[in-house]
Amino acid sequence: MPPDLLDAIRVLAVKGWRLRRAGPRNHAVWLAEPELQHRLRAVVLPDARAHLALPEWNALLRHRLQPLLPALAPADPLALGQAAQRLRSALAPEWLGPGRPLGPLPPRSGA
């Protein structure tokens, strides 16, 4: 983890903030409740079931902490977009099938 993120976590911990992890569905619910997270002084992040790569995890963490500490550098938009895609995939039911992308299907040849 980059040193500035570690420092940000320490600063927020001193201010009474906590980082919590939740499964994909619960994370989606908490993500829709930023005011509640702020009131509880909790930042809810996805757990390992989201299968985020380290750059994606760091981008998501940076994105979630930056509003609380404006001096923190913003997240890499590409890594943040990849993290969002993985989070959506983690929410997909098993019937989607392994390796099947979310979103519109590519055009079929010969159609």
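Quick look at the structure, then. Quantities reported herein were computed from a predicted structural model and do not represent experimental measurements.

Conventions and cut-offs
Residues numbered from 1 in each chain as written. Predicted model: local features only at pLDDT ≥ 70, side-chain atom pairs only at ≥ 80, totals over all residues. Heavy atoms only, no water. Helix = DSSP H or I, 4+ residues; strand = E, 2+ residues; numbered from the N terminus. Buried < 20%, exposed > 50% of the residue type's maximum accessible area, 1.4 Å probe, protein only. Core = buried A, V, L, I, M, F, W, Y, C linked by side-chain atoms within 4.5 Å. Salt bridge = Lys/Arg side-chain N within 4 Å of Asp/Glu carboxyl O. Polar contact = N/O pair within 3.5 Å; in protein donor to acceptor, adjacent residues only side chain to side chain. Axes fitted to C-alpha atoms, helices over the stretch in contact; angles between N-to-C directions. Parallel < 35°, antiparallel > 145°, perpendicular 65-115°, else oblique. Contact = heavy atoms within 4.5 Å. Nonpolar A, V, L, I, M, F, W, Y, C, P; charged D, E, K, R; others polar. Left-handed = near helix turned anticlockwise from the far one by under 90°.

### A few points about unusual backbone geometry
Here's step 1: A positive phi is found at R41, a non-glycine position, where the angle reads about 55°.
Here's step 2: Mapped onto the elements of the fold, R41 is located in the loop between helix 3 (34-40) and strand 2 (42-46).
Here's step 3: With a relative accessible area of 38%, R41 lands in the partly exposed category.
Here's step 4: Phi angles above zero are rare outside glycine, and H51 is one such case at about 55°.
Here's step 5: Take H51: it is sitting in the loop between strand 2 and helix 4 (54-65).
Here's step 6: Since its relative accessible area comes to 58%, H51 is described here as exposed.

### Re the nonpolar core
Here's step 1: In this structure, L52, L61, L65 and L72 are the most contacted members of the largest nonpolar core, which totals 16 residues.
Here's step 2: Looking at this core, the elements with two or more residues in it are helix 1 (3-14), strand 2, helix 4 and helix 5 (77-91).
Here's step 3: Here this core takes four residues from helix 4, the largest share from any one element.

### Side note on the pattern of salt bridges
Working definition: two side chains of opposite charge can pair if their charged atoms are close together.
Here's step 1: Within the structure shown, the criterion is met by four salt bridges.
Here's step 2: Close ionic contact of D4 with R62 constitutes a salt bridge, the shortest N to O distance being 2.7 Å. Separated by 58 residues along the polypeptide, D4 in helix 1 and R62 in helix 4 bring together distant segments of the chain.
Here's step 3: We note a salt bridge from R86 to E56, for which the minimum N-O separation is 2.5 Å. Note that R86 is positioned in helix 5 and E56 in helix 4, a separation of 30 residues in sequence.
Here's step 4: Judged by its relative accessible area of 5%, E56 falls in the buried class.

### Focus on the environment of D76
Here's step 1: If you trace the backbone, D76 turns up in the loop between helix 4 and helix 5.
Here's step 2: Of the residues examined, D76 reaches a relative accessible area of 43% and is grouped as partly exposed.
Here's step 3: Between the C-alpha atom of D76 and that of H63, which follows or precedes it by 13 residues, the distance is 8.7 Å.
Here's step 4: Among the polar contacts made by the side chain of D76, one reaches the main-chain amide nitrogen of A79 at a distance of 3.3 Å.

### Details of the packing of helix 4 against helix 5
Here's step 1: Contact geometry for helix 4 and helix 5: axes closest at 8 Å, N-to-C directions at 100°. The orientation of helix 4 with respect to helix 5, classified from their angle, is roughly perpendicular. Across the interface between the two elements, P55, E56, A59, L60 and H63 of helix 4 pack against A79, L80, Q82, A83, R86 and L87 of helix 5.
Here's step 2: Grouping the constituent residues of the contact of helix 4 with helix 5 by class yields seven nonpolar, two polar and two charged.

### Some thoughts on the packing of helix 1 against helix 4
Here's step 1: Where helix 1 contacts helix 4, the two axes come as close as 11 Å, and the packing angle between them is 40°. Accordingly, the angle class assigned to the pair helix 1 and helix 4 is oblique. Of the two elements, helix 1 crosses helix 4, and the hand of that crossing is left-handed. For the pair helix 1 and helix 4, contact is made by D4, L5, A8, I9 and L12 and by N58, L61, R62 and L65, respectively.
Here's step 2: Among the residues making up the contact of helix 1 with helix 4, the classes are represented as six nonpolar, one polar and two charged.

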